[in-house]
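# A closer look at the structure
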Amino acid sequence: MASLVFNRLRFPLLLLFLQIVFIVLFAMSVDYDESARPVVESKDGHNDTKPAAEPIHQPLPEYYPMFQDVHVMIFIGFGFLMTFLKRYGFSAVGLNLLLAAVAIQWATLVGGFFHGHGGTVHISITSMLTADFASAAVLITYGALLGKTSPTQLVIVTIIEIILFSFNEYIGVTMFQAVDIGGSMFVHAFGAYFGLSMSRVLYREDVARSKKEGSVYHSDIFSMIGTVFLWMFWPSFNSALAPGDDQHRAVLNTYFALAACCVVTFAISSLVDKHGKFDMVHIQNATLAGGVAVGTSADMMIGPFGALIIGSLAAILSVIGYKYISPWMNAKLKIHDTCGVHNLHGMPAIMAGIAGAGGAFLASTEQYGYSLYEQFPARVPTVNSTGLAEIMSHVNVEPGLGRSAMGQAGYQLVALAVTLAIAIVGGVLTGFILKYIPGLGRPMGDNLFEDSATWEIPEEDIPAAMLELETSFRRANVLQESGRPLLHKHEKDGASMP
Amino acid sequence: MASLVFNRLRFPLLLLFLQIVFIVLFAMSVDYDESARPVVESKDGHNDTKPAAEPIHQPLPEYYPMFQDVHVMIFIGFGFLMTFLKRYGFSAVGLNLLLAAVAIQWATLVGGFFHGHGGTVHISITSMLTADFASAAVLITYGALLGKTSPTQLVIVTIIEIILFSFNEYIGVTMFQAVDIGGSMFVHAFGAYFGLSMSRVLYREDVARSKKEGSVYHSDIFSMIGTVFLWMFWPSFNSALAPGDDQHRAVLNTYFALAACCVVTFAISSLVDKHGKFDMVHIQNATLAGGVAVGTSADMMIGPFGALIIGSLAAILSVIGYKYISPWMNAKLKIHDTCGVHNLHGMPAIMAGIAGAGGAFLASTEQYGYSLYEQFPARVPTVNSTGLAEIMSHVNVEPGLGRSAMGQAGYQLVALAVTLAIAIVGGVLTGFILKYIPGLGRPMGDNLFEDSATWEIPEEDIPAAMLELETSFRRANVLQESGRPLLHKHEKDGASMP
Amino acid sequence: MASLVFNRLRFPLLLLFLQIVFIVLFAMSVDYDESARPVVESKDGHNDTKPAAEPIHQPLPEYYPMFQDVHVMIFIGFGFLMTFLKRYGFSAVGLNLLLAAVAIQWATLVGGFFHGHGGTVHISITSMLTADFASAAVLITYGALLGKTSPTQLVIVTIIEIILFSFNEYIGVTMFQAVDIGGSMFVHAFGAYFGLSMSRVLYREDVARSKKEGSVYHSDIFSMIGTVFLWMFWPSFNSALAPGDDQHRAVLNTYFALAACCVVTFAISSLVDKHGKFDMVHIQNATLAGGVAVGTSADMMIGPFGALIIGSLAAILSVIGYKYISPWMNAKLKIHDTCGVHNLHGMPAIMAGIAGAGGAFLASTEQYGYSLYEQFPARVPTVNSTGLAEIMSHVNVEPGLGRSAMGQAGYQLVALAVTLAIAIVGGVLTGFILKYIPGLGRPMGDNLFEDSATWEIPEEDIPAAMLELETSFRRANVLQESGRPLLHKHEKDGASMP
């Protein structure tokens, strides 16, 4: 009985507890960034920050529209992409919203801690963007677990993953000074392998036997809403945080990588099908792999044709992944991957990391001019080096590590390797936590891939024609032996919670 | 017979009449704003407006992308949010489009009249934004009436409501100098209580007995398209018309209020459910209440944790509203509220007004610097006051009323009270107009919550498997007594207009 | 047998071949535009392009958010608008994505060739916008052919159409110096009449007999997603490439034209229906005709009331087209137009061309000031004319052709006529290519308007209630004579490729 009450209250109390913690931590340590505050003069009549003659308002950062594009990718893109399952659409778009709402608050705190401003976390459009990026990692992980985990489990995953995500990003960006403008390594690879290793630990035979892991015609069309919004706005994802022409280039490279990826996905999807037809799963997912694969090198001078090649190869890799690798991983490695995040995010992100290392290796001042040092800050000469002064007179950079192109490429690969290691180890450990902490709830049997396990579901819609058919048969006395109506008995709460 | 012809022509003739009136009034009194006109030199060779050396083009206002976000909220957001009913999706998204298209033209005229530029209405991105805001009030009202009113009635409501809306906004903004950056009082509270009081007057018993006031699985997912777009773009709604850092802050506060609101909505929805499950109605609606509740104070220095608290409280209020207050209002007060606008817009908007008064009470130059006077223009000292000159040397403001913080807070509450009064009285009167003017049409019985009353509906989709089932039973001679096919007889115009 | 293999490989090999060609041509001739490249100093220490003191980054063009709006129109707008057919949603949104992905790569190359920069094509946000515009023409053509052509045929159409589109645009814009800011002539009229004439050549009787050319309830709601996004973002489509106040005006005129168009569409749709109800086809399509009809004159000084009139007339024309002209064209002219592109794009675009000529005829320096010469470059006086120096001191234009207002209006009409001629002749020839080249595949009979001809379709969703009904009848021994289950036999690949 106590257990029943606990089951019943476990989830709301967890959420309320978290929200109260967030409020307390925000009250203690979060404040508006300087750019989002009024200009206030100090007591001695002098302005703290700028001369009185300047405008009293600072403008909203001009990449706010790009933030909104990313925001759409997180909530509509990921949310609807996952609605493809026939009976899991409420959870797909609903829990996607919940997990992202938890993640953006928590990532603001944790990410702010790692980026440290003397104990205070400063919020601005930039922090919103990085919080949205962090939530993307969580939602990719959710894609691997879709339909097989309880809301309680997923919230716990979110809390743990954001910490490890921020830690890994700190190592990669701050310590290794690796660059990854579209987050392919730090977001996509991390989220995918974290989820896949968790999925391995949580593997159960009954998942394979579920008849609900499939789509219906209209659920596949809902899913395409997600696909198309992700596809369209990916240029903003890969460029939002880059400056000027880097940003312009990141938009162009992503746009063309995705165009090529889309074309090749249709080709390979047809090629590997026994009837030469397209598989909706490939179109929903593999068309996007080009956006992941070009993510690390998007702002580099990879050339428009380079973007097309990266997009094309990503499509091949991704479709082959869906067709051959995922079934094999499920059967042999016992890694069940509901959305195929390995094919959309995992492998293309590894490709992105390698392409990024290649781009870093080829980067020179001949192509980049002085902006090279801004793009790869570790390549700025060390303090007291010859040439430092000249560089610093052209671009606004700090003294760096004097890395060579080869050195930068090496650190890019190290950052990729460390990301994979932290994701896999973290995912395994988190999987054990979910597995061995009792009472977190977990869908089984008929509750796998089934909304009614966690949602009040509307009464099934019985077409008028069917009711008429039943009535006719009744009238024909075929069903006289049973007094009760067959089709009108459904109650709203038919499926009760396990 | 004449009555039949009138019924048939009533609606198209009303619309055509209105559109002709709009064209005539636009021809008489609407012109492009200065910012949307070419720079033309006067005859004496001098430029009317700016020196010849300046660029001949003025830039598009930089908040155009925010306008588009708001536009998406109005047409996709409100439109799809209301598609949750199983058989009212065409009307939800279709009439939403129609009413907003009427409202934005009419609001441009009426709003322009109240803001007066010597008889000429100037149109620009700003006027488009305010017209979209006005249409939001109408669509909130539509939410209370959804499924129970004819298109003719709704168009009449739109015409009347826009006038009262503009009048109330004029009183609140111009006379009381109350601030309400996100329109929580002037849009949300107004639209909700206008609709609810109209719904009271139009109350009929047969509405409660309708079996069509419910959702089906996929209609609930359509509705989530609206929810998520509203949720994502609400920061633009609450900030579009604010300057610089105020705008930045409004974005941040709304973003975090909504994140907290979403988390708490899931918690409370589960808490109040007898199986501990989520109710889709709560997720579709209460997750948005935080955007309403923070609307008045969004650009104030409420602090990030303040935004989280406002969002959390709004969620609790809204879910409790859906679970307990709406059924009670329906049963006891005879106020039927199809979309629960009282819970999503009404109560959270009252909360917003109170929070806004609190924010105004706490506002001081210590936190806001000179921008305080821009944010609360009534706080600028009166003409000839000490200190006025100094203030006017820092910010671009007119002499004000010299209000204290307490005074401003008081006027905020007065504006809220007046808004509620005008909305309720206006709604009751409009309800009587709809009720007692004969021949406006009104869905009853089977036509309640039913698209086929006003739309040509495609033939019902009979699954192939069902046709096969019928054929098999026929073959088994069960249905020999009836010669006609059961499932193939549906004609396109099955349901004729009442 | 060889033929079977060819059928099976035809499509993927065509796509892979195209993508390889694109990559090779991009490698040979496409590079980032100057604005998307880092600033690199030349060897002698001097910057090639700008003084060293300037910022090293050039900003992303400020119309990037407008590009994203247009992008949404292309992929969500057109894609979902076409999902209205009951069994063709995968192809609608899926092939829309594919064709646009082919088109934007190919249009970048072909358009770049016509706009010539010494053999190199420069890519930037502007080239992305023009490539998206070109793909719109292809997708309009697709609308006329929807459900009746194979993917192979459609890709061939795309390749041919983009060439003719670019050629026609070159003639109209560069040779005739006609203006068409929203592409109503060069995109909408071209795409529509190209598709309609192709449809005439490919006409077959069996199309008329297909029972699948219709919608179901939810497919019509999916389609409204496309409608509403097109409706909302059309102001960006008609203004993205205009400067400053022209852009502002184009936004305003389009916004109001669409509002009026929406109101009048509802009126006329009800008026022409025998029950006075709305027809969803009209609402999905004719509400948008105002955006097309105002496209050519959107940035001109047509006055806000002029925009309302254009939008209203477009609605009348479009609804009458759907109700009377399309059925007549199908029956008498043997032109079958699945989406009614003649009514949404064709006729309104002709109206746009005429309105544009009218606007050009009325344009004078009194209204436009010196910006007249920027808006109509051919009106700039010729070299050595009096007045040229004065004009060039005010606006950044080249010496022109000294055209009169009447002359400009004439060339506008000539450009329209040439567009129609090239579209119709080109469409007929392309139709013959599709018709007489063997082995391109073509849906017939049951495969018309049917996704399963080209897509692996999920097993039909048999409602639980139906399965229960069958079981009950079985239990009642009605179906004992047949041992096999009726409703569980469907296999995933039920429909095999023809």
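About the thresholds
Residues numbered from 1 in each chain as written. Chains lettered and ligands numbered in written order. Predicted model: local features only at pLDDT ≥ 70, side-chain atom pairs only at ≥ 80, totals over all residues. Heavy atoms only, no water. Helix = DSSP H or I, 4+ residues; strand = E, 2+ residues; numbered from the N terminus. Buried < 20%, exposed > 50% of the residue type's maximum accessible area, 1.4 Å probe, protein only. Contact = heavy atoms within 4.5 Å. Areas by Shrake-Rupley, 256 points an atom, 1.4 Å probe, with all protein chains shown as cover. Least-squares fit on C-alpha atoms with pLDDT ≥ 70 in both. Expected span 1.5 Å × (residues − 1). Bend = angle between axes of the 7 residues up to and from the residue. Buried area = accessible area lost by both parts, 1.4 Å probe. Salt bridge = Lys/Arg side-chain N within 4 Å of Asp/Glu carboxyl O. Polar contact = N/O pair within 3.5 Å; in protein donor to acceptor, adjacent residues only side chain to side chain. Nonpolar A, V, L, I, M, F, W, Y, C, P; charged D, E, K, R; others polar. Pairing = 2+ DSSP bridges. Core = buried A, V, L, I, M, F, W, Y, C linked by side-chain atoms within 4.5 Å. Disulfide = S-S within 2.5 Å. Phe/Tyr/Trp six-rings, centres within 6.5 Å; stacked < 30°, edge-to-face > 60°. Axes fitted to C-alpha atoms, helices over the stretch in contact; angles between N-to-C directions. Left-handed = near helix turned anticlockwise from the far one by under 90°. Parallel < 35°, antiparallel > 145°, perpendicular 65-115°, else oblique. 1 Å grid on protein atoms, 1.4 Å probe; cavity = no way out; pocket = protein on both sides within 12 Å on 5 of 7 lines; lining within 4 Å. Points joined across faces, edges and corners; volume = space filled by probe spheres on them. Patch = residues over 30% accessible without salt bridge, like charges linked within 9 Å, V, L, I, M, F, W, Y side chains within 5 Å.

## Observations regarding the overall build of chain A
- A tally of helices and strands in chain A yields 18 helices and four strands.
- Taken across its 498 residues, chain A has 65% of its residues classed as buried.
- Here the contacts in chain A between residues at least 6 apart in sequence split such that 79% fall between residues at least 24 apart.
- With the model as given, the accessible surface of chain A reaches about 16,700 Å², and the carbon-plus-sulfur share is 63%.

## So, the relation of the copies chain A and chain C
- In the superposition of chain A on chain C (RMSD 0.0 Å, axial shift 0.0 Å), the rotation amounts to 120°. Those values place the two copies in the arrangement expected of a three-fold rotation axis. Taking the C-alpha atom as reference, chain A places Pro65(A) closest to the rotation axis, 3.7 Å from it.

## Quick word on helix H8 (residues 217–237) of chain C
Residue and element names in this part refer to chain C.
- Here H8 is 21 residues long and its end C-alpha atoms lie 30 Å apart, about the 30 Å a rise of 1.5 Å per residue gives.
- Trp-231 marks where H8 bends most, by close to 35°; the proline Pro-235 follows one to four residues later.
- Within H8, 21 of the 21 residues are buried, which leaves the element mostly enclosed by the surrounding structure.

## Details of unusual backbone geometry
- Phi angles above zero are rare outside glycine, and Phe449(A) is one such case at about 50°.
- Although it is not a glycine, Asn384(B) sits at a positive phi angle of roughly 75°.
- Relative to the elements of secondary structure, Asn384(B) occurs in the loop between helix H15 (371–375) and helix H16 (388–394).

## Brief notes about the interface of chain A and chain C
- Taken together, the contact between chain A and chain C spans 84 residues of the former and 89 residues of the latter.
- Here chain A meets chain C over a buried area of about 7,300 Å², counting both sides, of which 74% is carbon and sulfur.
- Taken as a group, Tyr217(A), Tyr255(A) and Lys277(A) account for 11% of the area that chain A buries against chain C, more than any other trio of residues on that side.
- Where chain A packs against chain C, one counts zero salt bridges.
- Counting across the interface, chain A meets chain C through 21 residue pairs in polar contact (both at pLDDT 80 or more).
- For the side of chain A that touches chain C, the secondary structure elements donating two or more residues are helix H2 (64–81), helix H8 (217–237), helix H9 (244–271), helix H10 (280–285), helix H12 (304–332), helix H14 (365–368), helix H15 (371–375) and helix H18 (464–475) of chain A.
- If one sorts the elements of the side of chain A that touches chain C by residue count, H9(A) sits on top with 21 residues.
- Broken down by class, the residue content of the side of chain A that touches chain C amounts to 50 nonpolar, 19 polar and 15 charged.

## So, the interface of chain B and chain C
- Counting from both sides, the interface comprises 88 residues of chain B and, opposite them, 84 residues of chain C.
- Interface area for chain B against chain C, summed over the two sides, is near 7,300 Å², with a carbon-plus-sulfur share of 74%.
- Together, Tyr32(B), His57(B) and Glu456(B) form the three largest contributors to the area buried by chain B at its contact with chain C, with a combined 9%.
- Between chain B and chain C we count 21 residue pairs in polar contact (both at pLDDT 80 or more) in total.
- Every element with two or more residues in the side of chain B that touches chain C is listed here: helix H1 (2–29), strand S1 (30–32), helix H2 (64–81), helix H3 (89–115), helix H4 (125–145), helix H8 (217–237), strand S4 (455–456) and helix H18 (464–475) of chain B.
- Of the residues belonging to the side of chain B that touches chain C, the class tally is 59 nonpolar, 17 polar and twelve charged.
- Where S4(B) meets strand S3 (residues 278–279) of chain C, two bridges bridge the pair, whose relative direction is parallel. Within S3(C), the residue paired with Glu456(B) across the bridge is Asp279(C).

## A short note on the nonpolar core
- Phe229(A), Phe229(B) and Phe229(C) are the most contacted members of the largest nonpolar core, which totals 491 residues.
- What Phe229(C) contacts, discounting residues up to four positions off in sequence, is Phe229(A), Val72(B), Ile76(B), Phe229(B), Val72(C), Met73(C) and Ile76(C).

## Topic: the state of the cysteines
- Evaluated as defined, the whole model comprises zero disulfides over all chains.
- Here Cys339(A) is not disulfide-linked; the sulfur of Cys261(A) is the nearest cysteine sulfur, at 17 Å.

## Some words on the packing of aromatic side chains
- Under the definition given, this model contains 78 aromatic pairs over all chains.
- Between Trp231(A) and Phe75(C), the aromatic rings sit 4.6 Å apart at their centres with planes inclined by 45°, giving tilted as the arrangement. Of this pair, Trp231(A) sits in helix H8 while Phe75(C) sits in helix H2 (residues 64–81), on two different chains. Assigned by exposure class, Trp231(A) and Phe75(C) land together as buried.
- Aromatic side chains Tyr255(C) and Phe256(C) sit 5.0 Å apart centroid to centroid with 85° between the ring planes, which places their arrangement in the edge-to-face category. Of the two residues examined, Tyr255(C) and Phe256(C), each falls in the buried class.

## A short note on the packing of helix H6 (residues 184–201) of chain A against helix H17 (residues 405–436) of chain A
Residues and elements named next belong to chain A.
- Between H6 and H17, whose axes approach to 7 Å, the crossing angle comes to 35°. As for how H6 packs across H17, the hand of that crossing is right-handed.
- Along the lines of polarity and charge, the residues of the contact of H6 with H17 split into 17 nonpolar, seven polar and one charged.

## Considering the side chain of Arg249(C)
- Among the structural elements, Arg249(C) can be located in helix H9 (residues 244–271).
- For Arg249(C), a relative accessible area of 0% gives the class buried.
- Within the structure, Arg249(C) has its side chain in polar contact with the backbone oxygen of Ala36(B) (distance 3.2 Å).
- When neighbours within four sequence positions are excluded, Arg249(C) is seen to be in contact with Tyr32(B), Ala36(B), Arg37(B), Pro38(B), Ala298(C), Asp299(C), Met300(C), Met301(C), Tyr368(C) and Gln375(C).

## Topic: the packing of helix H5 (residues 151–175) of chain B against helix H6 (residues 184–201) of chain B
All names here are of chain B.
- Contact geometry of H5 with H6 gives a least axis separation of 11 Å together with a crossing angle of 135°. In terms of orientation, H5 and H6 fall into the oblique class. Crossing angle aside, the handedness with which H5 passes H6 is right-handed. Facing H5, whose interface residues are Val-157, Glu-161, Leu-164, Phe-165, Asn-168, Glu-169, Gly-172 and Val-173, H6 presents Phe-186, Val-187, Phe-190, Gly-191, Phe-194 and Met-198.
- Of the residues contributing to the contact of H5 with H6, the split by class is nine nonpolar, three polar and two charged.

## Considerations on the environment of Leu18(C)
Residue and element names in this part refer to chain C.
- Position of Leu-18 relative to the elements: it lies in helix H1 (residues 2–29).
- Separated by 247 residues in the primary sequence, Leu-18 and Thr-265 place their C-alpha atoms 42 Å from one another.
- Setting aside anything within four residues of it in sequence, one finds Leu-18 in contact with Val-155 and Ile-159.

## Thoughts on empty space enclosed by the protein
- Under the defined criterion, the tally for this structure stands at ten cavities of 30 Å³ or more.
- Here the largest cavity is characterised by a volume of approximately 230 Å³.
- Where the lining of the largest cavity is concerned, the elements lending two or more residues are H2 and H8 of chain A, H2 and H8 of chain B together with H2 and H8 of chain C.
- Split into classes, the residues belonging to the lining of the largest cavity amount to 17 nonpolar, three polar and three charged.
- Estimated volume of the second largest cavity: approximately 100 Å³.

## Re helix H13 (residues 341–362) of chain B
All names here are of chain B.
- Spanning 22 residues, H13 covers 30 Å between terminal C-alpha atoms, matching the ideal 32 Å at 1.5 Å per step.
- When the local axis directions of H13 are compared, the greatest deviation, roughly 25°, occurs at Ala-349.
- With 16 of its 22 residues buried, H13 lies for the most part within the structure.

## As for a nonpolar patch on the surface
- Side chains of Phe305(A), Ile309(A), Leu313(A), Ile316(A), Ile320(A) and Tyr324(A) sit close together on the surface and give an oily, nonpolar patch of about 480 Å² of accessible area.
- Mapped onto the elements, Phe305(A) comes out in helix H12.

## Some words on the pattern of salt bridges
- Scanning the entire structure with this criterion turns up 21 salt bridges over all chains.
- One salt bridge connects Lys334(B) with Glu205(B), and the closest N-O pair in it is separated by 3.6 Å. Of the two residues, Lys334(B) sits in the loop between helix H12 (304–333) and H13 while Glu205(B) sits in helix H7 (residues 205–209), which places them 129 residues apart along the sequence.
- What makes Lys334(B) partly exposed here is its relative accessible area of 32%.
- Each member of the salt-bridge network shares a partner with another, and the members are Arg87(A), Lys212(A) and Glu450(A).

## Brief notes about the environment of Thr149(A)
All names here are of chain A.
- As for its placement among the helices and strands, Thr-149 is situated in the loop between helix H4 (125–145) and helix H5 (151–175).
- Note: C-alpha distance between Thr-149 and Gly-77 (72 residues apart in sequence) is 21 Å.
- Once residues within four sequence positions are removed from consideration, Thr-149 is found in contact with Tyr-88, Leu-154, Leu-202 and Pro-443.
- Looking at Thr-149, its side chain comes within polar contact range of the main-chain oxygen of Leu-145, at 3.4 Å.

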